[in-house]
4 protein chains.
Amino acid sequence: MAFADIADRLAAQAIELPSWAFGNSGTRFRVFGTPGTPRTVQEKIADASRVHALTGLAPTVALHIPWDRVDDYAALGRFAADHGLALGTVNSNTFQDDLYKFGSLTHTDEAVRRKAVDHHLECLDIMDQTGSRDLKIWLADGTNYPGQGDIRGRQDRLAESLRLIYDRLGPQQRLVLEYKFFEPAFYHTDVPDWGTSYAQVSALGDRALVCLDTGHHAPGTNIEFIVAQLLRLGKLGSFDFNSRFYADDDLIVGAADPFQLFRILYEVVRGGGYGPDSPVAFMLDQCHNVEDKIPGQIRSVLNVQEMTARALLVDTTALRTAQDEGDVLGANAVLMDAFYTDVRPDLAAWRESRGLPADPVRAYAESGYQRQIAEERVGGAQSGWGA
Amino acid sequence: MAFADIADRLAAQAIELPSWAFGNSGTRFRVFGTPGTPRTVQEKIADASRVHALTGLAPTVALHIPWDRVDDYAALGRFAADHGLALGTVNSNTFQDDLYKFGSLTHTDEAVRRKAVDHHLECLDIMDQTGSRDLKIWLADGTNYPGQGDIRGRQDRLAESLRLIYDRLGPQQRLVLEYKFFEPAFYHTDVPDWGTSYAQVSALGDRALVCLDTGHHAPGTNIEFIVAQLLRLGKLGSFDFNSRFYADDDLIVGAADPFQLFRILYEVVRGGGYGPDSPVAFMLDQCHNVEDKIPGQIRSVLNVQEMTARALLVDTTALRTAQDEGDVLGANAVLMDAFYTDVRPDLAAWRESRGLPADPVRAYAESGYQRQIAEERVGGAQSGWGA
Amino acid sequence: MAFADIADRLAAQAIELPSWAFGNSGTRFRVFGTPGTPRTVQEKIADASRVHALTGLAPTVALHIPWDRVDDYAALGRFAADHGLALGTVNSNTFQDDLYKFGSLTHTDEAVRRKAVDHHLECLDIMDQTGSRDLKIWLADGTNYPGQGDIRGRQDRLAESLRLIYDRLGPQQRLVLEYKFFEPAFYHTDVPDWGTSYAQVSALGDRALVCLDTGHHAPGTNIEFIVAQLLRLGKLGSFDFNSRFYADDDLIVGAADPFQLFRILYEVVRGGGYGPDSPVAFMLDQCHNVEDKIPGQIRSVLNVQEMTARALLVDTTALRTAQDEGDVLGANAVLMDAFYTDVRPDLAAWRESRGLPADPVRAYAESGYQRQIAEERVGGAQSGWGA
Amino acid sequence: MAFADIADRLAAQAIELPSWAFGNSGTRFRVFGTPGTPRTVQEKIADASRVHALTGLAPTVALHIPWDRVDDYAALGRFAADHGLALGTVNSNTFQDDLYKFGSLTHTDEAVRRKAVDHHLECLDIMDQTGSRDLKIWLADGTNYPGQGDIRGRQDRLAESLRLIYDRLGPQQRLVLEYKFFEPAFYHTDVPDWGTSYAQVSALGDRALVCLDTGHHAPGTNIEFIVAQLLRLGKLGSFDFNSRFYADDDLIVGAADPFQLFRILYEVVRGGGYGPDSPVAFMLDQCHNVEDKIPGQIRSVLNVQEMTARALLVDTTALRTAQDEGDVLGANAVLMDAFYTDVRPDLAAWRESRGLPADPVRAYAESGYQRQIAEERVGGAQSGWGA
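These lines cover the structure that appears in this document, whether it is placed above or below.

Rules behind the numbers
- Residues numbered from 1 in each chain as written.
- Chains lettered and ligands numbered in written order.
- Predicted model: local features only at pLDDT ≥ 70, side-chain atom pairs only at ≥ 80, totals over all residues.
- Heavy atoms only, no water.
- Helix = DSSP H or I, 4+ residues; strand = E, 2+ residues; numbered from the N terminus.
- Buried < 20%, exposed > 50% of the residue type's maximum accessible area, 1.4 Å probe, protein only.
- Pairing = 2+ DSSP bridges.
- Contact = heavy atoms within 4.5 Å.
- Axes fitted to C-alpha atoms, helices over the stretch in contact; angles between N-to-C directions.
- Arc of directions from axis to C-beta.
- Least-squares fit on C-alpha atoms with pLDDT ≥ 70 in both.
- Lys, Arg positive; Asp, Glu negative; His and termini not counted.
- Salt bridge = Lys/Arg side-chain N within 4 Å of Asp/Glu carboxyl O.
- Phe/Tyr/Trp six-rings, centres within 6.5 Å; stacked < 30°, edge-to-face > 60°.
- Lys NZ or Arg CZ within 6 Å of the ring centre and 35° of its normal.
- Buried area = accessible area lost by both parts, 1.4 Å probe.
- Polar contact = N/O pair within 3.5 Å; in protein donor to acceptor, adjacent residues only side chain to side chain.
- Right-handed = clockwise from strand over helix to strand, strands pointing away.
- Disulfide = S-S within 2.5 Å.
- Parallel < 35°, antiparallel > 145°, perpendicular 65-115°, else oblique.
- Left-handed = near helix turned anticlockwise from the far one by under 90°.
- Nonpolar A, V, L, I, M, F, W, Y, C, P; charged D, E, K, R; others polar.

1. Some words on unusual backbone geometry
- Following Ile65 of chain B, the chain continues into Pro66 of chain B via a peptide bond in cis, with omega recorded as 20°.
- The residue Pro66 of chain B is located in the loop between strand E2 (60-64) and helix H3 (73-82) in this model.
- In this structure, Pro184 of chain D follows Glu183 of chain D across a cis peptide bond, with omega equal to 10°.
- Tracing the backbone through its elements, the reader meets Pro184 of chain D in the loop between strand E6 (174-178) and strand E7 (188-189).
- Of note, the phi angle at Asp250 of chain C is positive, near 60°, even though the residue is not glycine.
- One can find Asp250 of chain C in the loop between strand E11 (236-241) and helix H8 (258-270).

This is how it looks when you write it as structure tokens:
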């Protein structure tokens, strides 16, 4: 398959950016600040608009509540529109209030659960105003020591709490439940794997789906298998893209294992998860602890685009033939041939044909934007995971 | 809780032995033979009867077809009964025929799938004769290289094949589908995790359940969480007990991480998976590559019994109170107190009160059985995974 | 072996407490505060003195510079002495200054390396005043992306920097170099494994040794093997005890895998690493994110003590015999017999015979100390990893 | 850097083939046979010669004793020479004799150790006749259960045994000691990590070096770091190339994580491990369980060559500049740029310029060799790990 054959399909790609990727992040050991880091959600949106302007790949920005809480979400939507963006997924947060030290939607105390549910209802209110489709729930709930909590009871309470949230969804809204292997809980996590997320959302209804974060699996997990399985079951709602060498490292997508990203995207395409009719949302969820944030996001969406192009280039007819013949090396070679194809020149030309810079990374560097924000954004508190 | 309070509950424990544990096993590097290894299924049953006679814990033996194929299963059942045992779970085998090199129930070739289905129907025929309840399916199906197979298509074919088998189940029979992280396939496995097994058996019906082998998970997986979840979902059918440090090591249960075994058994008890009314079958699935096989099995059932006793000793009232109060250390201490309790003297007395030897391991050593079989079983081909 | 035979050996046990365990800690997602958390190093020492007073196991406190920096270390030493404690290991910190964002002792910039070396020389100055023996170096140095740094060059610069520090050691002082698998760096870490630490300290000289933190290994690593090997090579300097399920979870030692702790301590004893003449320092390095800190430390030293008792109880004669005979199950049984022995009643009696409370955890709870500090320590900034 | 700049450096590449890769292999579950599999070492050499004839990359074949034992090694050498090959590394085998069930060079029984040492002396005798430089020692020694063996004592005996072997080395001969994380031993392995191999060979002398098998590490291990470290220490003797998703899967090199292979080869080049003066031997060690063996080997050497080309293409000047400037994204981009370069067309042209087929895989398929051996090699016992 030639690049010309896939060019149209690439045009439909959209990758949502997380507002928090533009703020500071780090590890428990240290969060390093950088000149120019946004102080407000508006500045985050302004930064995100640079990514989209240069790549055409990132038309929406996800919000995180309460980090991005404002008084007037309609106004925020207009602000985003003025920057060429729309507001996207709303992410809830039940892990930074003292109340949630021992759980949120799973807590033994009904009052705490109620407060956590109410927080999600507030998020849905915000979504009504922003026109967002997806409420994404990632829970930090879990325990650090065996016996600390009742695993079974917590799961039951989780189901009850999710039901209260799900029943409030508007007809165009969806609930996507993210799973994560571990961290910040170190013994057990209440939604640790795709099976748990699948079982929970299946009990809720059609508009509850699974969110797959590529960094949230046990070592050695075959993630593309999960992609294929969830697509088959009709329950893959969205991706949080990033990459990892060890744990939930939240590095730039494709940076740690580009071949894995290729295999994931191949299964997305294979299973009908790519394209205008697909219910699967693509999103980044990364931390730029040591690298520049805006070019980090640019690099990330380009990585997804380049690898999507390679996945689309797979000669599926030849692949199927080799598979059916038990030609192990031949089938593998079909996949590898696409993976090793250097799509970058074609993509550069494709970009230029659409009025985009051939090299968005360079275009950003030459734009002077980074220097400008470093000079302008003086004073105030830089955004981070706390605000 | 005192030992006297749990003694009655221990009486109900039954742990099925795998016939193949008495044969030779090893690694791809070498299978070491040992004097006295059974040549026939009858000799395996005779060995298994020693375990039950000395422990009272292992009243049934699982068969593996074709390894344990005989002409007359009714006669085999009488042979077992004469040795104080019943025949239990029937395990199918679709991994040793050249036909299955690229898959069995998932194969692209309908003729191969048909043959694999027919093998399972033969197993059900055998179960009709042996009176076995459970057909256990563990599949080696998978691929070694990306692209070698179509992950999604294989999953669909698996569903179709399982349907054909499930529909043949008798009213008292069950299908339990085992999952495994990897091996013998090294890129993708068709039933790699509990989520996949759960999704597949849920599509089949009430008598299809998940089999959890304690050695079949990714590093770091919280197995007791899966136990709690599957019990909650009503889909935990059986355990294959063994232990591991690295991969599917198939070591003696409790040998690698006794505390993990304790936590698993605590969740079994907590979730209603233990006792006469529980649908959960306990079974061993181990390889005694370097240690003596019969005492290895004795050690194993004792390990399960001892840890079950500790799990039953947990002061659940105190635990619940500490959990509800957010008393992390207190709740953990309740669990650890039971774990660190030395139940061995009480269990020895309990055994003697039931006409069993206080120390089954020593009783076996002193019985002379090992020397006897070493002397008697001369000539013939020792049993192993091939026969 | 009976408890009476090992009682004397237990008397010699000393486990150093880290001052920072009494401050707040958490994850990148949240650090929860708790009433009564120390604001000063003096309050940390006061808290540590409670642990020693109730257990007799923790006569020294490790300092972390700059978190515990004071004007007058002699005075601090007297303060500790007044509380029944001595000051112990000094831990350096080169991971919280902006300067060290891309490395400290390994940095490409000579000025940064110089500053990092100077920080260690300051630590040695402090050690001269506190009388501490060990300078412990744990480096956060590493990179997040392939290519970000030159792995080889960084290793060479590390060697040069360590040389400058080592050459400044006083005759009674030692340098212990800690290794860690990953975090906060996510692609490569400059001292990731025992082999690297061993190679680096071997190049320095006799007073440079390896520090083994039990939470700093790849999944599946046999830690007791490393203990045995380092003892054999004469290069095991100290332990940082804690436990983990996934990554560097820093949970209470013995909480995640008590059998592993037992095996580690068995190899310590086996290899001459335990006792008054041993050069091996025992220390805790933990985070009490969700549990109370002082009882968390009490629980930890008791766990080490209890497991040391079990390790000392191993019948080494029977073990050796079984090993030499190739009696796999017999040898394993010798070890398991010691592990399953409930040493808690004997230890309670042993404590009482030495004027200590039989149950230090309960004694602490009943002492009212926690309530007292919660009431008294109002205002000021609670200590954490930043101060 | 352009391809023309590196073409000369590629000419020097040589990758040794293992004779056993042409025989059957599999898992403990099943070894599948294939038509045309060699019955003799001569047939293995004939197959290996096809790989070299089509790629120019594989001028030597490694032997495995006793699998490749012959009466006349000089004649075998001439046979190889007639096929355009030389005999290379000799691999010992101490894992298939009943005597070694509980260890070989580490065994408690001096007579067993002696026999194992003698086997290595026999290998050295063979090397004298074949002119081989390297004796490669991979040990299966280890234990399955805690307590089964004395870890420390085994290490000491290993040192003694290795000394006896090392002292017999001829002046041009080397001993390379391979390490492996686990398998076939499941609790402890006597040479489990590079640190142990390094410590043992350092004690022997200059001609004892470490062999790094790319599949023998814990999950998540940064292998290129070990490469850089061993090169720095002057102790990297050889590579066993293969790839893995889970354990020691022995898949085709580059098949599981091509980017990792690139990073490894970059560090090889960076550290002076590549080129005519390098002491580092490149070798494959793989199992072609389900794919055709000869094209599997062809694919493997091509993968190494292609990735070596990419590693050589790295713009080291730009990389160094970006590293020194703390330009994380820029430095990473330099590496990724080389990785994503499609070197295949240039390599095809380069091959043709040297009289080799542009596409060796296709050339092999069209040669008819596979059909020929399938037809000719009828009867006899196919080679495998047992012979």
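2. So, the pairing of strand E4 (residues 60-64) of chain C
All names here are of chain C.
- Among the five residues that make up E4, five are buried, leaving the element largely enclosed by the rest of the structure.
- Here E4 shows no split at all, with Thr60, Ala62 and His64 on one side and Val61 and Leu63 on the other all buried.
- Strand direction decides the pairing type here: strand E1 (residues 17-18) and E4, joined by two bridges, are parallel. Residue pairing in the sheet places Pro18 in a bridge with Ala62 of E4.

3. Describing the sheet that holds strand E12 (residues 281-284) of chain C
Residues and elements named next belong to chain C.
- A sheet is described by the order of its strands in space; here eight strands give the open sequence E1-E4-E5-E6-E8-E10-E11-E12, paired in parallel fashion. The open sheet is flanked by E1 and E12, the only strands paired with a single partner.
- Bridge count for strand E6 (residues 134-137) against strand E8 (residues 174-178) is four bridges, and the pairing is parallel. For Asp134, the partnering residue across the bridge sits in E8 and is Arg174.
- With respect to the sheet, helix H9 (residues 293-312) is in contact with E1, E11 and E12, its orientation differing from that of E12 by roughly 145°.

4. A word on helix H10 (residues 316-324) of chain A
All names here are of chain A.
- Every buried residue belonging to H10 is among Leu319, Ala322 and Gln323, and all of these are buried. Along H10, the residues classed as buried sweep out an arc of 100° about the axis, all on the same side.
- Each element contacted by the buried residues of H10 is listed here: helix H8 (258-270) and helix H11 (328-339).
- Gly326 occupies a position one or two residues after H10 and carries a positive phi of about 65°.

5. Some details on the relation of the copies chain A and chain B
- The transform that puts chain A on chain B rotates by 180° and translates by 0.0 Å along the axis, for an RMSD of 0.0 Å. Taken together, the turn and the small shift mark the pair as related by a two-fold rotation axis. Looking at the rotation axis and the C-alpha trace of chain A, the residue lying nearest is Gly195 of chain A, at 2.0 Å.
- When the interface residues of chain A are mapped onto chain B, 100% of them again lie at the interface, so the same face is used by both copies.

6. With respect to the sheet that holds strand E6 (residues 174-178) of chain B
Residue and element names in this part refer to chain B.
- The strand order across the open sheet built from eight strands is E1-E2-E3-E4-E6-E8-E9-E10, with neighbouring strands paired in parallel fashion. At either end of the open sheet lies a strand with only one pairing partner, and these are strand E1 (17-18) and strand E10 (281-284).
- This element, helix H8 (residues 258-270), spans strand E9 (236-241) and E10 of the sheet and lies at about 160° to E9.
- The sheet contacts of helix H9 (residues 293-313) involve E1, E9 and E10, and relative to E10 the element is tilted by about 145°.

7. A short note on the side chain of Arg310 of chain A
- Mapped onto the elements of the fold, Arg310 of chain A is located in helix H9 (residues 293-313).
- Here Arg310 of chain A occupies a buried position and makes no salt bridge, while the nearest side chain of opposite charge, Glu306 of chain A, is found at 4.2 Å.
- If we skip the residues at most four places from it in the chain, Arg310 of chain A touches Phe262, Ala338, Phe339, Thr341 and Val343 of chain A together with Tyr340 of chain D.

8. Here we look at the relation of the copies chain C and chain D
- The two copies are related by a screw operation: chain C maps onto chain D through 180° of rotation and 0.0 Å of translation along the axis, at an RMSD of 0.0 Å.
- Interface overlap between copies is the fraction of interface residues in one copy that are interface residues in the other; for chain C against chain D it reaches 100%, indicating a shared surface.

9. Quick notes on the pattern of salt bridges
- Applying the stated criterion to the full structure yields 116 salt bridges over all chains.
- The closest approach of N and O atoms between Arg270 of chain A and Asp150 of chain B, which form a salt bridge, is 2.6 Å. Taken together, the positions of Arg270 of chain A in helix H8 and Asp150 of chain B in the loop between strand E5 (142-143) and helix H5 (151-166) put the pair across two chains.
- With relative accessibility at 9%, the residue Asp150 of chain B sits in the buried group.
- Its salt-bridge partner being Asp125 of chain D, residue Arg168 of chain D comes within 2.8 Å of it at the nearest N-O pair.

10. Remarks on the environment of Ser19 of chain A
Residues and elements named next belong to chain A.
- Its location among the elements puts Ser19 in the loop between strand E1 (17-18) and strand E2 (26-27).
- With 41 residues separating them along the chain, Ser19 and Thr60 place their C-alpha atoms 9.8 Å apart.
- Residues contacting Ser19, with those up to four places away along its chain left out, are Lys44, Val61, Ala62, Leu63, His64 and Asp68.

11. Overview of the packing of aromatic side chains
- On inspection of all chains with the given rule, the structure shows 93 aromatic pairs over all chains.
- Look at Phe262 of chain D and Phe339 of chain D: their rings are 5.4 Å apart centre to centre, the planes differ by 55°, and that puts the pair in the tilted class. Taken together, the residues span a long stretch of sequence, with Phe262 of chain D in helix H8 (residues 258-270) and Phe339 of chain D in helix H11 (residues 328-340) at a distance of 77 residues.
- According to the relative accessible area criterion, Phe262 of chain D is buried, its value standing at 0%.
- Taking relative accessible area as the criterion, Phe339 of chain D reaches 2% and is therefore assigned buried.
- An aromatic cluster of at least three residues, connected via ring pairs, comprises Phe259, Phe262, Phe339 and Tyr340 of chain A together with Phe259, Phe262, Phe339 and Tyr340 of chain D.
- Sitting above the plane of the Tyr369 of chain A ring, Arg50 of chain A keeps its charged end 5.9 Å from the centroid.

12. Some remarks on the environment of Leu212 of chain B
Residues and elements named next belong to chain B.
- As for its position among the elements, Leu212 is in strand E8 (residues 208-213).
- Separated by 181 residues in the primary sequence, Leu212 and Val31 place their C-alpha atoms 26 Å from one another.
- Discounting residues that sit within four places of it in the chain, Leu212 has contacts with Tyr179, His217, Ile223, Ile226, Val227, Leu236, Ser238, Phe239 and Asp240.

13. A short note on the interface of chain C and chain D
- With 53 residues of chain C at the interface, the matching set in chain D holds 53 residues.
- Interface area, chain C with chain D, both sides summed: about 4200 Å², of which 59% is carbon and sulfur.
- When the buried area of chain C at its contact with chain D is split by residue, Arg152, Phe225 and Arg232 of chain C rank highest and sum to 17% of it.
- Between the two partners, chain C and chain D, sit six salt bridges.
- For the salt bridge of Arg320 of chain C with Asp150 of chain D, the shortest nitrogen-to-oxygen distance reads 3.8 Å.
- At the boundary of chain C and chain D, one finds 20 residue pairs in polar contact (both at pLDDT 80 or more).
- Secondary-structure elements contributing two or more residues to the side of chain C that touches chain D are helix H5 (151-166), strand E9 (188-189), helix H6 (194-204), helix H7 (223-233), H8, helix H10 (316-324) and helix H11 (328-339) of chain C.
- If you tally residues by element for the side of chain C that touches chain D, the top one is H7 of chain C, at seven residues.

14. Some thoughts on the interface of chain A and chain B
- The partner chain B presents 53 residues to the 53 residues of chain A that form the contact.
- Interface area, chain A with chain B, both sides summed: about 4200 Å², of which 59% is carbon and sulfur.
- The three residues of chain A that bury the most area against chain B are Arg152, Phe225 and Arg232 of chain A, which together make up 17% of that side's buried surface.
- Our count for the chain A to chain B interface comes out at six salt bridges.
- Linking chain A to chain B there are 20 residue pairs in polar contact (both at pLDDT 80 or more).

15. Concerning the pairing of E2 of chain B
All names here are of chain B.
- Following the chain from E1 across helix H2 (residues 41-55) to the adjacent parallel E2, one finds a crossover that is right-handed.
- As paired elements, E2 and strand E3 (residues 86-91) share four bridges and run parallel to each other. In the sheet register, Thr60 faces E3, and the bridge partner there is Ala86.
- In this view, the connection linking E2 to its parallel neighbour E3 by way of H3 has right-handed handedness.

16. A word on the state of the cysteines
- On inspection of all chains with the given rule, the structure shows zero disulfides over all chains.
- You can see Cys123 of chain B has no disulfide; the closest cysteine sulfur is in Cys211 of chain B, sitting 15 Å from it.

17. Section: the packing of H8 of chain A against H11 of chain A
All names here are of chain A.
- Contact geometry of H8 with H11 gives a least axis separation of 11 Å together with a crossing angle of 110°. Here H8 lies roughly perpendicular to H11, going by the angle between them. Seen from above, H8 lies across H11 with right-handed handedness. Every residue of H11 that contacts H8 at Pro258, Phe259, Phe262 and Tyr266 is listed here: Leu335, Met336, Ala338 and Phe339.
- Of the residues assigned to the contact of H8 with H11, the class counts are eight nonpolar, no polar and no charged.

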